[in-house]
Amino acid sequence: SVMMLDLKGDNAEKVHLFAKSAGRESELIVIRPSNALKDLHGKDVIPRSCFRTWNPVGGDAAPETRATFLLDGLNAVDQATHKTSNSEYFERIEREFLIAALAMFDVVYGQGNVTLYHLYQFCFDASYRESIANDRRVAGTDAKRYFEKAIEVLEDDQKTQLVSGLRAKLAPIATPVMQETF
């Protein structure tokens, strides 16, 4: 296969033409926002079957695995991350928070149906977070117990501080425009 990440769309057409001339058009995989490349008349330049999405929080892996992949990816691209003695503590807290959030999303939305935008909203919007954490379907789960013991006991400003780092890391890739790619 030929796989490419093309965020602006200016290289996909060239690679598509090359793959087509080599008889490998069906092997081309393009990852880009909107999952399409159209000409001025709205016609697909590259077949839609060539486009894929990437959703590290969806899928059927355990919440622990998905949380790890997401945090590793976010930390790898976060140019502002400087390792300090406190970094490991906050990464552990973020990981625990993500694992519990993903486990609750799996129960509420069904496994594989959550996106980065859902997760961003969960970090940003306290009422949305409460609606998920208080959904009757998550009652009695380890994730719900985590939120009862570690999150719900905090003051509002402490909750905000707890998720602010994670929210800041998610913000560039969880915008409504980027949501189309998930």
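Rules of the game
Residues numbered from 1 in each chain as written. Predicted model: local features only at pLDDT ≥ 70, side-chain atom pairs only at ≥ 80, totals over all residues. Heavy atoms only, no water. Helix = DSSP H or I, 4+ residues; strand = E, 2+ residues; numbered from the N terminus. Buried < 20%, exposed > 50% of the residue type's maximum accessible area, 1.4 Å probe, protein only. Contact = heavy atoms within 4.5 Å. Areas by Shrake-Rupley, 256 points an atom, 1.4 Å probe, with all protein chains shown as cover. pLDDT = per-residue confidence, 0-100. Salt bridge = Lys/Arg side-chain N within 4 Å of Asp/Glu carboxyl O. Axes fitted to C-alpha atoms, helices over the stretch in contact; angles between N-to-C directions. Left-handed = near helix turned anticlockwise from the far one by under 90°. Nonpolar A, V, L, I, M, F, W, Y, C, P; charged D, E, K, R; others polar. Patch = residues over 30% accessible without salt bridge, like charges linked within 9 Å, V, L, I, M, F, W, Y side chains within 5 Å. Lys, Arg positive; Asp, Glu negative; His and termini not counted. Charge placed at Lys NZ, Arg CZ, Asp CG, Glu CD. Arc of directions from axis to C-beta. Phe/Tyr/Trp six-rings, centres within 6.5 Å; stacked < 30°, edge-to-face > 60°.

1. Thoughts on the overall build of the chain
Here is step 1 of the chain: For the chain, the helix and strand inventory stands at 8 helices and 3 strands.
Here is step 2 of the chain: Listed by position from the N terminus, the elements making up the chain come as β-α-β-β-α-α-α-α-α-α-α.
Here is step 3 of the chain: Relative to its full complement of 182 residues, the chain shows a buried share of 37%.
Here is step 4 of the chain: For the chain, restricting intrachain contacts to residue pairs at least 6 apart in sequence, the fraction spanning at least 24 positions comes to 62%.
Here is step 5 of the chain: Accessible surface for the chain amounts to roughly 10,600 Å². Of this, 54% is attributable to carbon and sulfur atoms.

2. Some words on the confidence of the model for the chain
Here is step 1 of the chain: Of all residues in the chain, 80% have pLDDT values of 70 or greater, and the mean over the chain is 80.
Here is step 2 of the chain: In the model of the chain, helix α8 (residues 176-179) stands out as the element of lowest mean pLDDT, 55, in contrast to helix α5 (residues 126-133), which has the highest, 92.

3. Considering the side chain of Lys144
Here is step 1 of the chain: Its place among the elements puts Lys144 in helix α6 (residues 142-151).
Here is step 2 of the chain: Apart from the residues within four sequence positions on either side, Lys144 is in contact with Met104, Ala133, Asn134, Val138, Ala139 and Glu152.

4. Re the pattern of salt bridges
Here is step 1 of the chain: Tallied over the full model, the rule gives 6 salt bridges.
Here is step 2 of the chain: In this structure, the salt-bridge partner of Glu152 is Lys144, at a minimum N-O distance of 3.3 Å.
Here is step 3 of the chain: Residue class for Glu152 comes out partly exposed when judged on its relative accessible area of 36%.

5. Some remarks on the packing of helix α4 (residues 116-124) against helix α7 (residues 156-170)
Here is step 1 of the chain: Two numbers describe how α4 lies on α7: the axes approach to 9 Å, and their chain directions differ by 145°. Note on packing geometry: the crossing formed by α4 with α7 is left-handed. Here α4 contributes Leu116, Leu119, Tyr120, Cys123 and Phe124 to the contact with α7, which in turn contributes Val163, Leu166, Arg167 and Leu170.
Here is step 2 of the chain: In terms of residue class, the contact of α4 with α7 is made up of 8 nonpolar, no polar and 1 charged.

6. Considering a negative patch on the surface
Here is step 1 of the chain: On the surface, Glu130, Glu155, Asp156 and Asp157 cluster together to form a negatively charged patch.
Here is step 2 of the chain: Along the chain, Glu130 falls in helix α5.
Here is step 3 of the chain: For Glu130, a relative accessible area of 43% translates into the label partly exposed.

7. Considering α4
Here is step 1 of the chain: Those residues of α4 that sit buried are Leu116, Leu119, Tyr120, Phe122 and Cys123. For α4, the angular spread of buried residues about the axis comes to 155°, placing them on one side.

8. Details of the packing of aromatic side chains
Here is step 1 of the chain: This model, assessed by the stated rule, comprises 8 aromatic pairs.
Here is step 2 of the chain: Measuring from centroid to centroid gives 5.9 Å for Tyr120 and Phe124, while their planes differ by 5°, and the two rings are stacked. Here Phe124 and Tyr120 lie together in helix α4, a separation of 4 residues that amounts to about one turn.
Here is step 3 of the chain: Residue classification places Tyr120 among the buried residues on the basis of a relative accessible area of 18%.
Here is step 4 of the chain: One aromatic cluster is present, built from ring pairs that chain together Phe97, Phe105, Tyr109, Phe122, Tyr128, Tyr146 and Phe147.

9. Things to note about the environment of Val163
Here is step 1 of the chain: Here Val163 is to be found in helix α7.
Here is step 2 of the chain: According to the relative accessible area criterion, Val163 is buried, its value standing at 2%.
Here is step 3 of the chain: Sequence spacing of Val163 and Phe122 is 41 residues, and the spatial spacing of their C-alpha atoms is 9.4 Å.
Here is step 4 of the chain: For Val163, the contacting residues outside a window of four places in its chain are Phe97, Cys123 and Arg129.

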